Protein chains: 2
Amino acid sequence: MKIIVDVEGCDYPEKMVGGCIDSAKAHPDYTIVIVGRKETVNKVYSGGLNNIEIVEVEDAVTNDDVPTRVIRQKPDSSLVRAFTILKENDDAIGIVSAGSTGAVLTCATLIIGRISKSLHRPVVTSLMPTKIDGKLVCIADAGSTMDALPEYMAQYAIMGSVYMRASFGIEKPRVGLLSVGTEEKKGDERTKAAHALIKELPVNFVGNVEAREALSGDYDVIVTDGFAGNVLTKAVEGTAKFVMTKLKEAIMGSASAKFGYLFMKKAFNSVRSAMDYHRYDGGAFLGVNKIVLKSHGSSNEMSVRVSVDRIVSMYENKVIDGIREGIASTVVKSAETNEEE
Amino acid sequence: MKIIVDVEGCDYPEKMVGGCIDSAKAHPDYTIVIVGRKETVNKVYSGGLNNIEIVEVEDAVTNDDVPTRVIRQKPDSSLVRAFTILKENDDAIGIVSAGSTGAVLTCATLIIGRISKSLHRPVVTSLMPTKIDGKLVCIADAGSTMDALPEYMAQYAIMGSVYMRASFGIEKPRVGLLSVGTEEKKGDERTKAAHALIKELPVNFVGNVEAREALSGDYDVIVTDGFAGNVLTKAVEGTAKFVMTKLKEAIMGSASAKFGYLFMKKAFNSVRSAMDYHRYDGGAFLGVNKIVLKSHGSSNEMSVRVSVDRIVSMYENKVIDGIREGIASTVVKSAETNEEE
């Protein structure tokens, strides 16, 4: 089986190649297909692994490209080539890209295609750490669809549940709905309508969750519209960085604290590492016909390795089939407040 | 001049009374009117300050009361009495309450009244710390109005600017609009429409701001709808707590780190204190005819003191007049995407 890695269009293409080498060594039964510029690959990889394939390209998608136009305008970019290879090869099971989010989603939707006609929208998920060591929470939507209808969000609950069950072995993933209070009547109209829909679904819905409790470990999946999901994930990222920076400043401003820090470096690093998104990287794009992981723009070797590990686990646990069945077997009623789509 | 403090309906009524005593001592030219139960007040205050007045009540509003019904159902509650005193006395300039947010907003709107008929909605603000020491950022709306129209948000930009200028002496407060990307076209329909409206206003609009940058210190006011504003403020609060807890755990799990911590306690406490919402407490409710500060439900002495200080500064800097003029002199066009109101 093949796993495709688009190494261009991100901050550190060479680190992406490095991650491919690590992944190939860790997964000898899988072939890693590196799609990238010759010079990028050659800087890091000089051959020697027989489960690495190189596909040389001349072009890359940048954040300045209009996502919906890249397929037509940049057919020879690493991104479009990578997705085309993924589509055309039955033994290609998934892809990692750290390129432009919009372009990745466009290629996933248009080249790979939605899992089912009854799926309203695929969804970008994001994994975040929680108070419970080793336990992650999946945010769906982490920012892909603006102005989601409640029906979309209900399907995010289904897809998120399948994903967390298949990838992390959680038997009954607890699904929370992001809102401004735990009571069912709290929230904006969209969220209240989504609450009513999700309540009827065969998922382990535990009600509304406030942003303050998102990292509590009491939830496996947090469903939200893309706007609020983006605010949540970025606020967590920004605040964690903010607190660590403030602490560092306070420590550096005091000689005794600096001395104390020598003894605590390890403790600090363990927290910094717990908050390091590279460790959870590769937000899964759920609802398309193959496994698509969108990695952070500043991905490093570890991000690629984590993403490839996750693709293997998602493949072995048949996530795509699970989502397809989940969506097919569950009729989401139309929310009363909205008539579109 | 009188400042009214509702000491009931919160977690620590006695601490509220303690804060009143501190405030009375700090502001001898102002009279603090404590509205609360006899037993609450007597536990902490035994008289002796001639700028404290006590108004005894028998009842208090709880979080179980339906906010819109408290005025009729609990006319003798500390909250309703406090607002009535505020309304009926020309020398009463402002109020602090740590009671139920919904009830405080209902009383403010119905008893005190909107500042102008052309104001769509008053707004709850929240102050948060930033990377720059001593510099705060005002989030408007921090969670009061769900399903805001873009016109509401445009008026939040005006009110937030006046507030930050008058309260903190910032000449041209930098206004950012919370969105999922800095480009003007990024965001949901509401935010894009609000962007177009705010751009035309006489405020120092610096464009969209991502949640990751909310605490950067580059913004004085962040405009958002109440849902996303609640997500932002609570995510910041929850994540800060999360990181500090993780660090504490890591420290306690290692003998050498515990030793090191002895030398760093001060640095830790300075950060904990920087993140302590009690220091910034009293979210101003802007757009009503008097100064209304809603303090955190778990307010302590410091929260009251900070709130009273802010009321004095808002009064002396004529915030209410400023907001009235700002709203009156600025025509906010109707957003094209919405026809309501």
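Quick caveat, the model's predicted, so the values are computed rather than measured.

**With respect to helix H5 (residues 101–112) of chain A**
Residues and elements named next belong to chain A.
And then number 1: Taking 1.5 Å per residue as the helical rise, H5 with its 12 residues ought to reach 16 Å, and the 15 Å between its terminal C-alpha atoms agrees with that figure.
And then number 2: All of the buried residues in H5 are Ala-103, Val-104, Leu-105, Thr-106, Cys-107, Ala-108, Ile-111 and Ile-112.
And then number 3: The inward-facing, buried residues of H5 abut helix H3 (70–73), helix H4 (78–88), strand E4 (92–97), strand E5 (123–129), strand E10 (283–286) and strand E11 (291–294).
And then number 4: The first or second residue beyond H5 is Gly-113, which carries a positive phi of 90°.

**Some words on the sheet that holds strand E6 (residues 136–140) of chain A**
All names here are of chain A.
And then number 1: What the 11 strands build is an open sheet, ordered E3-E2-E1-E4-E11-E10-E5-E6-E9-E7-E8; its pairing is mixed. The open sheet terminates on both sides in strands that have one partner only, identified here as strand E3 (52–56) and strand E8 (204–209). Here the strands of the sheet are splayed against their neighbours by 25° on average, with no regard to which way each runs.
And then number 2: Bridge analysis of E4 against E11 gives four bridges, and the strand direction is parallel. Counterpart to Ser-97 in the pairing with E11 is Lys-294.

**Topic: the packing of aromatic side chains**
All names here are of chain A.
And then number 1: Inspection of every chain in the model, using the stated rule, returns seven aromatic pairs over all chains.
And then number 2: Measuring from centroid to centroid gives 6.4 Å for Tyr-30 and Tyr-315, while their planes differ by 90°, and the two rings are edge-to-face. In this pair, Tyr-30 is assigned in the loop between helix H1 (13–26) and strand E2 (31–36) and Tyr-315 in helix H10 (residues 301–316), connecting sequence segments 285 residues apart.
And then number 3: A relative accessible area of 8% means that Tyr-30 is categorised as buried.
And then number 4: Classification of Tyr-315 by relative accessible area gives partly exposed; the value is 32%.
And then number 5: For the cation-ring pair, Lys-15 lies above Tyr-12, with the distance from its terminal atom to the ring centre recorded as 4.1 Å.

**Details of the packing of helix H8 (residues 226–252) of chain B against helix H9 (residues 255–274) of chain B**
Pairs of packed helices are described in terms of their axes, by the angle between the two and the distance that separates them.
Residue and element names in this part refer to chain B.
And then number 1: Contact geometry for H8 and H9: axes closest at 11 Å, N-to-C directions at 165°. Judged on the interaxial angle alone, H9 and H8 are roughly antiparallel. For the pair H8 and H9, the crossing hand works out as left-handed. Facing Met-244, Leu-247, Ile-251 and Met-252 of H8, the residues of H9 in contact are Ala-257, Lys-258, Tyr-261, Phe-268, Val-271 and Arg-272.
And then number 2: Here the residues of the contact of H8 with H9 are counted per class, giving eight nonpolar, no polar and two charged.

**Quick look at the relation of the copies chain A and chain B**
And then number 1: When chain A is fitted to chain B, the best match, at an RMSD of 0.0 Å, comes from turning it 180° and sliding it 0.0 Å along the axis. Expressed as an axis order, the relation between the two copies is that of a two-fold axis. Every residue of chain A has its C-alpha some distance from the rotation axis, and the shortest such distance is that of Gly-260 of chain A, at 1.9 Å.
And then number 2: A high fraction, 100%, of the interface residues of chain A reappear at the interface in chain B, so the copies pair face to face through one surface.

**What to know about empty space enclosed by the protein**
And then number 1: Applying the stated criterion across every chain, the model contains three cavities of 30 Å³ or more.
And then number 2: Of the volumes computed, that of the largest cavity is approximately 50 Å³.
And then number 3: Every residue lining the largest cavity is listed: Asp-188, Arg-190, Asp-225, Phe-227 and Ala-228 of chain A together with Asp-188, Arg-190, Asp-225, Phe-227 and Ala-228 of chain B.
And then number 4: For the lining of the largest cavity, the secondary structure elements donating two or more residues are helix H8 (226–252) of chain A together with H8 of chain B.
And then number 5: When the residues that make up the lining of the largest cavity are grouped by side-chain class, the tally is four nonpolar, no polar and six charged.

**What about the packing of helix H4 (residues 78–88) of chain B against helix H5 (residues 101–112) of chain B?**
Residue and element names in this part refer to chain B.
And then number 1: Put simply, H4 and H5 touch, their axes get as near as 10 Å, and they point 30° apart. With respect to each other, H4 and H5 are oriented roughly parallel. Note that H4 runs across H5; the crossing there is right-handed. For the pair H4 and H5, contact is made by Leu-79, Val-80, Phe-83, Thr-84, Leu-86 and Lys-87 and by Ala-103, Val-104, Cys-107, Ala-108, Ile-111 and Ile-112, respectively.
And then number 2: When grouped by side-chain class, the residues that make up the contact of H4 with H5 number 10 nonpolar, one polar and one charged.

**What to know about the pattern of salt bridges**
And then number 1: Per the stated rule, a full pass over the model turns up 32 salt bridges over all chains.
And then number 2: In this structure, Lys-246 of chain B engages Asp-133 of chain A in a salt bridge whose closest nitrogen and oxygen atoms are separated by 2.8 Å. Taken together, the residues Lys-246 of chain B in helix H8 and Asp-133 of chain A in the loop between E5 and E6 connect one chain to another.
And then number 3: The network of salt bridges with shared partners includes Glu-210 and Arg-212 of chain A together with Lys-234 and Glu-237 of chain B.

What counts, and at which threshold
- Residues numbered from 1 in each chain as written.
- Chains lettered and ligands numbered in written order.
- Predicted model: local features only at pLDDT ≥ 70, side-chain atom pairs only at ≥ 80, totals over all residues.
- Heavy atoms only, no water.
- Helix = DSSP H or I, 4+ residues; strand = E, 2+ residues; numbered from the N terminus.
- Expected span 1.5 Å × (residues − 1).
- Buried < 20%, exposed > 50% of the residue type's maximum accessible area, 1.4 Å probe, protein only.
- Contact = heavy atoms within 4.5 Å.
- Pairing = 2+ DSSP bridges.
- Axes fitted to C-alpha atoms, helices over the stretch in contact; angles between N-to-C directions.
- Phe/Tyr/Trp six-rings, centres within 6.5 Å; stacked < 30°, edge-to-face > 60°.
- Lys NZ or Arg CZ within 6 Å of the ring centre and 35° of its normal.
- Parallel < 35°, antiparallel > 145°, perpendicular 65-115°, else oblique.
- Left-handed = near helix turned anticlockwise from the far one by under 90°.
- Nonpolar A, V, L, I, M, F, W, Y, C, P; charged D, E, K, R; others polar.
- Least-squares fit on C-alpha atoms with pLDDT ≥ 70 in both.
- 1 Å grid on protein atoms, 1.4 Å probe; cavity = no way out; pocket = protein on both sides within 12 Å on 5 of 7 lines; lining within 4 Å.
- Points joined across faces, edges and corners; volume = space filled by probe spheres on them.
- Salt bridge = Lys/Arg side-chain N within 4 Å of Asp/Glu carboxyl O.

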